[in-house]
Amino acid sequence: MNLNSKVIAQLIQSVNAEERDYLNTCEKQIKEQYKTHFVRIFSTLSRKLSLSTKEKLIQMQVSDSENLIIEDWTVLRLARVYLLSLIQDEEESYVQFINQLFDYADMQELVALYSALNVLDYPSRWIERCKEGIRNNIGLVQEAIIEQNKFPSEHLNEEAWNQMVLKSFFTSKNVLKIAGLFERNNPNLATAIVDYIYERHSAKRNIHPILWLLAKNNLPERALSILSEQFHNCSDSLEGSILFYILEENNVKSVEKEQLTSLNQELALIPFSEDLLERFKNRNVCVQI
Amino acid sequence: MGQPMPLDLDIIKGMKFVDPHIHMVSRTTDDYQALFDAGVLLIIEPAFWVGQPRTGLDTFKDYYSSLIGWERFRASQFGIRHFCTIGLNSREANNEALADQVMEILPHFIYKEGVLGIGEIGFDDQTAAEEKYYRAQLELAKEANIPVQVHTPHRDKTKGTLRSMEIALEHGLDPQMVIIDHNSEETVKDVLDRGFWAAFTIYPFTKMGNERMVDIVKQYGSANIMVNSAADWGISDPLAVPKTAALMLQMGIDRKDVEKVTYTNALEAFKVANHLDLESLNQTLQADPLAKFQGNTILRGGQQPRLNKDSIIIS
């Protein structure tokens with residue numbers, strides 16, 4: 001599937017003249033005979049781009065990048081996704097070829113391959129691959145699928161989706177970077193989350209505030225009392241604001257008015273909004289849970 | 001020789017080391033943390049024998065894949081840059097049916113990120129099959145213009161070492177692209193005289209001891225010489241490189257020579273500058289270069305939390 005022209009323009013702007021010429025040659029060779037040239041071009045790209053170019057970071061407006069979410073992508077990653085987008089073939093040959101790339105890939109190639117899921121042709125053929133990638137234990141590979149990737153929310157069934165979301169908490173991902181996190185929220189996920197909350201509470205480990213947000217409409221009494229406890233022990237303004245919003249949504253009476261006011265002042269709570277979540281996301285702290 | 005001496009690494013505090021031969025797939029997270037603490041910030045893991053015969057091609061494929069994937073990532077979590085060399089080792093060359101298949105998949109791996117060269121290859125029993133695949137892999141290295149890490153045999157070592165070098169020269173390889181490994185007092189002169197890199201494995205009981213290594217550097221100097229641990233699934237010492245550096249300093253070897261033997265020579269021999277900006281070695285590696293640990297430095301110096309080993313409590 002061809003990349004959007006704005007994405008290509010962004011890539012071209014990010015490389016030097018020599019690298020641009022090289023990419024042009026690659027494009028020609030891939031379009032002429034990808035089976036002969038692609039593996040070499042794809043693998044050796046990390047040696048063809050200069051050290052300063054390949055690690056440069058790129059951001060784009062989501063409205064400009066369409067089916068990709070390009071936020072802090074290295075030039076190497078974007079260039080490889082671009083090369084992948086040039087391959088065209090009938091279904092079986094195409095799928096077999098791309099599968100072979102996955103089989104022999106190094107870490108950065110895996111990042112590019114999984115980032116490209118949403119621009120590969122024959123999307124239904126990549127669902128199993130996507131699930132396998134989520135089981136991969138290499139942090140940056142997981143991130144390429146879980147964070148800033150529209151493929152999972154558009155193609156995974158509920159069971160696989162829920163596994164992915166739970167895994168993102170277990171592996172300390174920046175969960176608010178999951179595309180479709182709230183749109184695909186569902187009661188079965190909430191049940192699993194509540195179970196996880198109980199386990200964390202019993203183990204005296206901290207509980208990620210976004211877990212509460214995803215399960216907020218399905219919280220039994222025991223969960224609500226844990227939530228109150230967490231709110232009272234909370235010392236962080238953003239986290240406190242999220243927890244307070246969920247308590248309010250659940251009409252928790254046990255939170256006494258007086259206590260609330262003092263906590264409110266102490267924590268400088270702010271009303272729940274998308275902006276609040278954005279701030280929480282951008283804090284970009286690897287929350288150890 | 002061999003009298004116990006208390007371990008005091010203060011003398012090497014602040015120094016940086018490379019271990020250019022270590023099999024981390026066989027080692028624990030404790031070893032990674034100890035390596036980091038001792039200043040080993042870059043390691044090279046040659047593909048080797050897993051300890052028992054392989055029965056099919058896929059185990060090679062998965063093993064090579066782990067060297068550029070999981071193991072590389074695991075190392076990064078401890079603040080250590082992991083590189084490897086990929087090859088069919090000599091023992092496994094003797095299963096010709098399988099070796100032929102392995103030769104077909106090698107080109108898929110040698111250009112990958114994190115792969116510095118071909119290794120460890122060479123002779124073990126010094127059979128005809130070992131020679132055949134040694135030659136084939138030298139050709140592969142020549143074509144790709146990447147270094148070769150050559151294992152020399154335990155048995156009939158001197159003859160095997162000389163033969164390894166003769167064959168490399170016969171195939172037109174530049175000796176400066178070849179690291180001859182596991183040298184001893186008996187082989188070092190021949191290797192240096194021919195212009196190859198001479199690596200020494202500090203490995204208890206079976207290979208070099210580090211007191212002997214001190215004498216070698218005193219006699220031959222530091223040019224073209226490097227030390228490694230070759231730590232693996234046997235009784236071996238992943239801290240062999242920093243310990244040897246400490247001993248060399250204690251024994252009066254000049255710091256510049258110690259740095260060459262335990263750091264810069266390995267970087268040069270394996271052409272590491274083609275793969276990363278050597279300046280970056282002055283900064284601690286973060287597993288995720290994009291991670292901004294604002295105000296959160298608990299995981300500084302590698303990203304894995306530390307166990308409190310002095311406590312009976314596990315939480």
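Residues numbered from 1 in each chain as written. Chains lettered and ligands numbered in written order. Predicted model: local features only at pLDDT ≥ 70, side-chain atom pairs only at ≥ 80, totals over all residues.

## Some thoughts on the overall build of chain A
Tallying secondary structure elements over chain A gives 17 helices and two strands in all. Along the longest, intermediate and shortest principal axes, the C-alpha atoms of chain A span 70 × 35 × 30 Å. Burial statistics for chain A: of 289 residues in total, 37% are counted as buried. A fraction of 71% describes how many contacts in chain A between residues 6 or more apart in sequence connect residues 24 or more apart. (Helix = DSSP H or I, 4+ residues; strand = E, 2+ residues; numbered from the N terminus. Buried ≥ 20, exposed ≤ 12 C-beta atoms within 10 Å, placed from the backbone. Contact = placed C-beta atoms within 7 Å.)

## Some details on the overall build of chain B
The secondary structure content of chain B amounts to eleven helices and eight strands. Rg of the C-alpha trace for chain B: 19 Å, near the compact-globule value of 20 Å for 315 residues, within the 12% margin. When the backbone C-alpha atoms are referred to their principal axes, chain B occupies close to 55 × 45 × 35 Å. Counting the 315 residues in chain B, one finds 44% classified as buried. The long-range fraction of contacts in chain B, counting pairs at least 24 apart against all pairs at least 6 apart in sequence, stands at 74%. (Rg over C-alpha atoms; globule rule 2.2 N^0.38 Å.)

## Overview of the nonpolar core
A:Ala79, A:Leu243, B:Ile80, B:Ile86, B:Val178, B:Ile180 and B:Trp197 are the most contacted members of the largest nonpolar core, which has 155 residues in total. Two domains share this core, each providing at least three of its residues, namely domain 1 (5–156) and domain 2 (187–282) of chain A. Contacts of B:Ile180, omitting those with residues within four sequence positions, involve B:Val150, B:Thr152, B:Thr161, B:Ser164, B:Met165, B:Val191, B:Phe196, B:Trp197, B:Ala198 and B:Ala199. (Core = buried A, V, L, I, M, F, W, Y, C linked by C-beta atoms within 7 Å. Domains from an automatic or database assignment.)

## Description of the packing of helix 7 (residues 107–115) of chain A against helix 9 (residues 139–146) of chain A
Residues and elements named next belong to chain A. Between helix 7 and helix 9, the least distance of the axes is 8 Å, while the angle of their chain directions is 10°. It follows that helix 7 is roughly parallel to helix 9 by the angle criterion. Within the contact between the two elements, helix 7 uses Met-107, Leu-110, Val-111, Tyr-114 and Ser-115 and helix 9 uses Leu-140, Val-141, Ala-144 and Ile-145. Its residues assigned to classes, the contact of helix 7 with helix 9 comprises eight nonpolar, one polar and no charged. (Axes fitted to C-alpha atoms, helices over the stretch in contact; angles between N-to-C directions. Parallel < 35°, antiparallel > 145°, perpendicular 65-115°, else oblique. Nonpolar A, V, L, I, M, F, W, Y, C, P; charged D, E, K, R; others polar.)

## Some details on the domain arrangement of chain A
Along its sequence, chain A is organised into domain 1 (5–156) and domain 2 (187–282). The centre of domain 1 of chain A, based on its C-alpha atoms, is set 38 Å off from the matching centre of domain 2 of chain A.

## Here we look at the sheet that holds strand 3 (residues 81–86) of chain B
Residues and elements named next belong to chain B. Sheet architecture is open: eight strands sit in the order 1-2-3-4-5-6-7-8, paired in parallel fashion. What marks the edges here is a single partner per strand, and that holds for strand 1 (17–19) and strand 8 (225–228). Taken over all neighbouring pairs, the strand axes of this sheet differ in orientation by 25° on average, direction set aside. The pairing of strand 1 with strand 2 (residues 40–46) spans three bridges and is parallel. Across the sheet, residue Asp-19 finds its bridge partner in strand 2, namely Ile-43. The sheet strands contacting helix 7 (residues 157–170) are strand 4 (115–122), strand 5 (148–151) and strand 6 (178–180), and the helix crosses strand 6 at an angle near 175°. (Pairing = 2+ DSSP bridges.)

## A short note on the confidence of the model for chain B
Residue and element names in this part refer to chain B. In this model, chain B carries a mean pLDDT of 92, and residues with pLDDT of at least 70 account for 94%. Every residue in residues 289–301 is under pLDDT 50, and counting partners more than four places away or in other chains gives 17 contacts. Predicted complex metrics record ipTM = 0.83 and pTM = 0.88. (pLDDT = per-residue confidence, 0-100.)

## Description of the pairing of strand 7 (residues 197–201) of chain B
All names here are of chain B. Burial analysis of strand 7 places five of its five residues in the buried class, which makes it a mostly covered element. By the alternation rule, side chains of strand 7 split into Trp-197, Ala-199 and Thr-201 and Ala-198 and Phe-200, which are all buried. Both strand 6 and strand 7 contribute to a ladder of two bridges, which runs parallel. Paired with Ile-180 across the bridge in strand 7 is Ala-198.

## Quick look at the environment of B:Leu106
Residue position: B:Leu106 is located in helix 5 (residues 96–109). Given 19 C-beta atoms within 10 Å, B:Leu106 falls into the partly exposed group.

## Notes on the pairing of strand 8 of chain B
Residues and elements named next belong to chain B. Alternating positions in strand 8 separate into two faces, Ile-225 and Val-227 on one and Met-226 and Asn-228 on the other, with burial throughout. In this sheet, strand 8 lies alongside strand 7 in parallel orientation, the contact comprising four bridges. Residue pairing for strand 8: Ala-199 is matched across the bridge by Met-226. For the segment spanning strand 7, helix 9 (residues 210–220) and strand 8, crossover handedness is right-handed. (Right-handed = clockwise from strand over helix to strand, strands pointing away.)

## Describing the packing of helix 5 of chain B against helix 6 (residues 128–144) of chain B
Residue and element names in this part refer to chain B. Running from N to C, helix 5 and helix 6 cross one another at 5°; their axes reach a closest spacing of 11 Å. One finds that helix 5 runs roughly parallel with respect to helix 6. Where helix 5 approaches helix 6, its residues Glu-96, Ala-99, Met-103 and Leu-106 are matched on the opposing element by Ala-129, Tyr-133, Ala-136 and Leu-140.

## Section: unusual backbone geometry
Look at the link from B:Gly119 to B:Glu120: it is a cis peptide, with omega at -20°. At A:Gln148, a residue that is not glycine, the phi angle is positive and equals roughly 55°. Positionally, A:Gln148 belongs in the loop between helix 9 and helix 10 (151–155). The exposure class of A:Gln148 is partly exposed, given the 19 C-beta atoms found within 10 Å. For A:Ser172, which is not glycine, the phi dihedral falls at a positive 55°.

## A few points about the environment of B:Ser164
All names here are of chain B. By the secondary structure assignment, Ser-164 is in helix 7. Judged by local crowding, Ser-164 falls into the buried class, with 29 C-beta atoms found within 10 Å. Here the alpha-carbon distance between Ser-164 and Ile-121, two residues 43 residues apart in the chain, equals 9.7 Å. Once you skip the residues sitting within four places of it in the chain, Ser-164 turns out to touch Gly-122, Phe-123, Val-150, Thr-152 and Ile-180.

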